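Chain residues, written in single-letter form:
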Amino acid sequence: MVETLQNLALGFSIALTPGVLFYAFAGCVVGTLVGVLPGIGPLAGISLLLPATFGLDATRAIVMLAGIYYGAMYGGSTTSILMRIPGEAASVMTCIDGYAMARKGRAGAALAIAAVGSYVAGTVSVVALMVLAPPLASFALRFGPPEYFALLVLGLLVLAYMSGGSMLKALAMAALGLLGGMIGIDQMSGYFRFAYGVVELGDGIGVVPVAVGLFGLAEILATAGLATPPSVIKPKLRELLPSRREWSASAWPIGRGTVLGFLIGIIPGSAHIIASFVSYAVERRLSAHPEEFGRGAVAGVAGPESANNSATSGAFVPMLALGVPSGPIPAVMLAAMMVHGVSPGPLLIKQQPELFWGFIASMYVGNVVLLVLNLPLVGVFVNLLRVPYPVLYPSIVVFCILGVYAVNGSVVDVWIMLVMGALGYVLRKLDFETAPIVLGVILAPMIEMALRQSLAMSDGHYGILVTRPIAGALLAVGAVLVLLGLRPLVTRSLDWRAKLALAGTKEERL
Amino acid sequence: MLTTDRVAGAVLALLALVVVWESRKLPLGSLSNPGPAYMPVVLATLLLACGVALVIVGGRAGRLAAVDWSEWRHAVAILAVCAFAAGALERLGYRATITLALAFMLGVVEKRGVVFTVLFALALALGSFLLFDTLLRVVLPRGPLGL
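Cut-offs applied
- Residues numbered from 1 in each chain as written.
- Chains lettered and ligands numbered in written order.
- Predicted model: local features only at pLDDT ≥ 70, side-chain atom pairs only at ≥ 80, totals over all residues.
- Helix = DSSP H or I, 4+ residues; strand = E, 2+ residues; numbered from the N terminus.
- Buried ≥ 20, exposed ≤ 12 C-beta atoms within 10 Å, placed from the backbone.
- Contact = placed C-beta atoms within 7 Å.
- Axes fitted to C-alpha atoms, helices over the stretch in contact; angles between N-to-C directions.
- Parallel < 35°, antiparallel > 145°, perpendicular 65-115°, else oblique.
- Left-handed = near helix turned anticlockwise from the far one by under 90°.
- Nonpolar A, V, L, I, M, F, W, Y, C, P; charged D, E, K, R; others polar.
- Domains from an automatic or database assignment.
- Core = buried A, V, L, I, M, F, W, Y, C linked by C-beta atoms within 7 Å.
- Expected span 1.5 Å × (residues − 1).
- pLDDT = per-residue confidence, 0-100.

S.K.: When you look at the overall build of chain A in this model, what are you seeing that I'm missing?
M.R.: Counting its regular elements, chain A contains 22 helices and two strands. Looking at chain A as a whole, 63% of its 510 residues qualify as buried. A separation of at least 24 residues holds for 80% of the contacts in chain A among residues at least 6 apart in sequence.

Pasting the structure below:
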């Protein structure tokens, strides 16, 4: 514990230097601005703004990216409450009661509760991250290729299981993403695979053009032609303070959402989306007035917003400690870290303590910055939503092109974004989730390398994947998830995901 | 009945078959010593299985004909702009390409006034170049005459 505190002091000594503080601040502001834009969530936001960090050293770049991530998450809730448009998928539940509160003239209070909930959840979950990540990293030093193979496969299976729709569709999307990740030079044999003479594809298809295409461009394609732009409710500054009744109604949901969000966040998958859905369901179940949900219940804003932010920190645990991204957003963060020459994993904490602890400390700082900054400036952020959409979306398209091109200075990436945008648009229309594709693209080379190294270790015997205890246990959990996920196909019943989706639809109708 | 899941499943299965066909150009290796084609074939088989399963169990999904494609004209126009940008970026340079792309989206697709279109397109193209290339030192392509 003393060592942890010493390390944290080291982190703060880095995070509070004016240079680092400035980039944490800039990341939060820019992230919020991007998060407020309809359709541009944290995933596309980080991908688009990655080039802006190229001129910085690794610590400042990572701190700025973390700020963008937090800011985009918070910005998403602003759009949900004031426009009933989820800036990102995790804000769907906030839309329901947040917008209902806004229509009752409590928009300011809803924003304040979302901000305070996010702050509490963010701060508490960073403490948990700080305590959990180092021991997990020490444990992960025992991992060899078979354990990594099992862990990566489990990560994909959990993502498929946790996805909102059917597991079969999610598995198909994961397989599609993994196949996309096969493009490029085979690391073991040096063969070019599926590159068709395009030299730039030698390194494979990048996660940034895939993420921007599937999440940024696809959203623009689906919404640019909409006939009626949504209206914005503008809160007054004096309305920002919630009443005593609203504070007391939000205290327990914030606490529960924080714990629930962090625990769900550690599990691979679209953590913050599931966390906000589960938190909403729990709050409605525990509420003395469940009939208020859907009509402006304070707990319906406080719980999901806290859970969603807490899950964000939870998702960093496996990424920082194991080097394994647990969802599409950590996957992009991982790629961003690699661009800056940082390799997250068990050795990061030992070899680059200033970076790891500076990052942790900057998350505390980022939470404070967001709280201090966002409430007074909410009017400024809202004005961005007043820009007519027919003017706004061409600007977003330009930033998509710029962001994708700038990562490698390659127009091939712009073509990849275009193809992924069209694919994402069609898949969205056909009701398929695209998050497993992003994760598949980044995990494919890792899974293949781990499998082939495992086979090299065992003289070609697959038994090594099940006889080593950790690998065997991880694969057994994966097998159970597949069986659980496919059960509704056999029994023709509704599983928990279908029930949650149904509950969400019912609430939205109210 | 033609449902969204069935159509998607059929397309995915077809794609899987194409991958298997294309993988024949690479050494497959053996079960104990996989070659570069091994993993793509395994994954394509998984995709094929998922696609076929979707075709079989996808009868309860929404009807394909019920999917609303009303915004397709905008979608095609935006994709065309992205294709133009990909083709022109390194030939015309960032500023000229983005100015033309924005002018098309605002002036032709959204039918905004000429003065607004020109001013907005120039301001965003030059402003974003100044921010990223000049201030943040992200190298963006120059076209003829260094523009």
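S.K.: Just checking my understanding: could you explain the overall build of chain B for this structure?
M.R.: From N to C terminus, chain B includes five helices and zero strands. Reading chain B from its N end, one meets helices and strands in the order α-α-α-α-α. If you line up chain B on its principal axes, its C-alpha atoms span 60 × 45 × 25 Å. Burial analysis of chain B (147 residues in total) assigns 39% to the buried set. In chain B, the proportion of contacts linking residues at least 24 apart, taken out of those at least 6 apart, comes to 60%.

S.K.: Got a minute to help me understand the packing of helix H17 (residues 389-408) of chain A against helix H5 (residues 114-135) of chain B in this structure?
M.R.: When two helices pack together, their arrangement is given by the angle between the helix axes and by the axis-to-axis distance. Where H17(A) meets H5(B), the closest approach of the two axes is 12 Å, and the angle between their N-to-C directions is 30°. On the basis of their axis angle, the class for H17(A) and H5(B) is roughly parallel. Taken as a pair, H17(A) and H5(B) cross one another with a handedness that is right-handed. Contacts between H17(A) and H5(B) involve Val391(A), Ser395(A), Val398(A), Leu402(A) and Ala406(A) from the former and Phe120(B), Leu124(B), Ser128(B) and Phe132(B) from the latter. When grouped by side-chain class, the residues that make up the contact of H17(A) with H5(B) number seven nonpolar, two polar and no charged.

S.K.: Looking at this model, I keep getting lost on the interface of chain B and chain A. Mind explaining?
M.R.: You'll often see interface size given as the accessible area lost when the parts meet. Between chain B and chain A, the contact holds 54 residues from the first and 51 residues from the second. Looking at the side of chain B that touches chain A, the elements that each hand over two or more residues are helix H1 (4-23), helix H2 (38-57), helix H3 (72-92), helix H4 (94-109) and H5 of chain B. Examining the composition of the side of chain B that touches chain A, we find that twelve residues originate from one element, H3(B), more than from any other. Split into classes, the residues belonging to the side of chain B that touches chain A amount to 39 nonpolar, nine polar and six charged.

S.K.: How do you make sense of unusual backbone geometry when you look at a structure like this?
M.R.: Negative phi characterises most residues that are not glycine, and trans characterises most peptide bonds. Its identity is not glycine, yet Phe194(A) carries a phi of approximately 50°, on the positive side. Residue placement: Phe194(A) occurs in the loop between strand E2 (192-193) and helix H9 (207-223). The backbone of Lys111(B) sits at a positive phi, close to 55°, despite the residue not being glycine. Relative to the assigned elements, Lys111(B) resides in the loop between H4 and H5.

S.K.: Explain the packing of helix H3 (residues 42-49) of chain A against H17(A) here, please?
M.R.: Residues and elements named next belong to chain A. Two numbers describe how H3 lies on H17: the axes approach to 7 Å, and their chain directions differ by 60°. One element, H3, and the other, H17, form an angle in the oblique class. On the side of H3, the interface is formed by Ser-47, Leu-48 and Leu-49, while H17 contributes Phe-399, Cys-400 and Gly-403. Taken together, the residues of the contact of H3 with H17 sort by class into four nonpolar, two polar and no charged.

S.K.: Would you explain the domain arrangement of chain B in this entry?
M.R.: Its domain assignment divides chain B into domain 1 (4-66) and domain 2 (72-146). Computed over C-alpha atoms only, the centres of domain 1 of chain B and domain 2 of chain B are separated by 38 Å.

S.K.: Teacher, can you tell me more about the nonpolar core here?
M.R.: Among soluble globular proteins, nonpolar side chains are generally buried collectively. Judged by nonpolar contacts, the single largest core of 228 residues is most densely connected at Ala211(A), Val332(A), Val414(A) and Leu47(B). Broken down by element, this core gets its largest block of residues, 19 residues, from helix H6 (residues 107-140) of chain A. Formed jointly, this core draws a minimum of three residues from each of two domains, domain 1 (4-66) and domain 2 (72-146) of chain B. Once residues lying within four places of it in the same chain are set aside, the contact partners of Val332(A) are Leu43(A), Ile46(A), Ser47(A), Val207(A), Val208(A) and Ala211(A).

S.K.: Which parts of the structure should I look at to understand helix H13 (residues 328-339) of chain A?
M.R.: For an α-helix the count is 3.6 residues per turn, leaving residues at separations of three or four pointing the same way. Residues and elements named next belong to chain A. Helix length check: H13, at twelve residues, gives a terminal C-alpha distance of 17 Å against a target of 16 Å (1.5 Å per residue), a fit within 8%. Among the residues making up H13, those that are buried are Pro-328, Ile-329, Pro-330, Ala-331, Val-332, Met-333, Leu-334, Ala-335, Ala-336 and Met-337. Of the surrounding elements, those touching the buried residues of H13 are H3, helix H4 (58-83), H9, helix H12 (299-322) and helix H19 (435-457). Positive phi shows up at Gly-341, right after H13, with a value of about 80°.

S.K.: What should I look at first to understand the environment of Val131(A) in this one?
M.R.: Structurally, Val131(A) can be placed in helix H6. Note: C-alpha distance between Val131(A) and Val317(A) (186 residues apart in sequence) is 9.8 Å.

S.K.: Could you clarify how one ought to interpret the environment of Ala174(A) in this entry?
M.R.: All names here are of chain A. By the element assignment, Ala-174 lies in helix H8 (residues 167-180). In this structure, the C-alpha to C-alpha distance between Ala-174 and Val-441, residues 267 residues apart in sequence, is 8.4 Å. When near neighbours in sequence (up to four residues on either side) are disregarded, Ala-174 contacts Leu-156, Leu-159, Ala-160, Pro-436 and Gly-440.

S.K.: I'm lost on the environment of Ser410(A) in this one. Help?
M.R.: Inspection of the secondary structure puts Ser410(A) in the loop between H17 and helix H18 (411-429). Distance from Ser410(A) to Glu200(A), taken between C-alpha atoms, is 7.8 Å for residues 210 residues apart in sequence.

S.K.: How should the confidence of the model for chain B be read in this particular structure?
M.R.: The predicted structure's coordinates, where accompanied by low pLDDT, should not be read in detail. Within chain B, residue pLDDT values average 92, and 100% of them lie at 70 or more. The ipTM assigned to the predicted complex is 0.95, against a pTM of 0.81.

S.K.: What exactly am I supposed to notice about the confidence of the model for chain A here?
M.R.: Considering every residue of chain A, the mean pLDDT works out to 82; 89% of them sit at 70 or more. Of all secondary-structure elements in chain A, the lowest mean pLDDT belongs to helix H22 (residues 496-509) of chain A, at 53, while H18(A) reaches the highest, 94.

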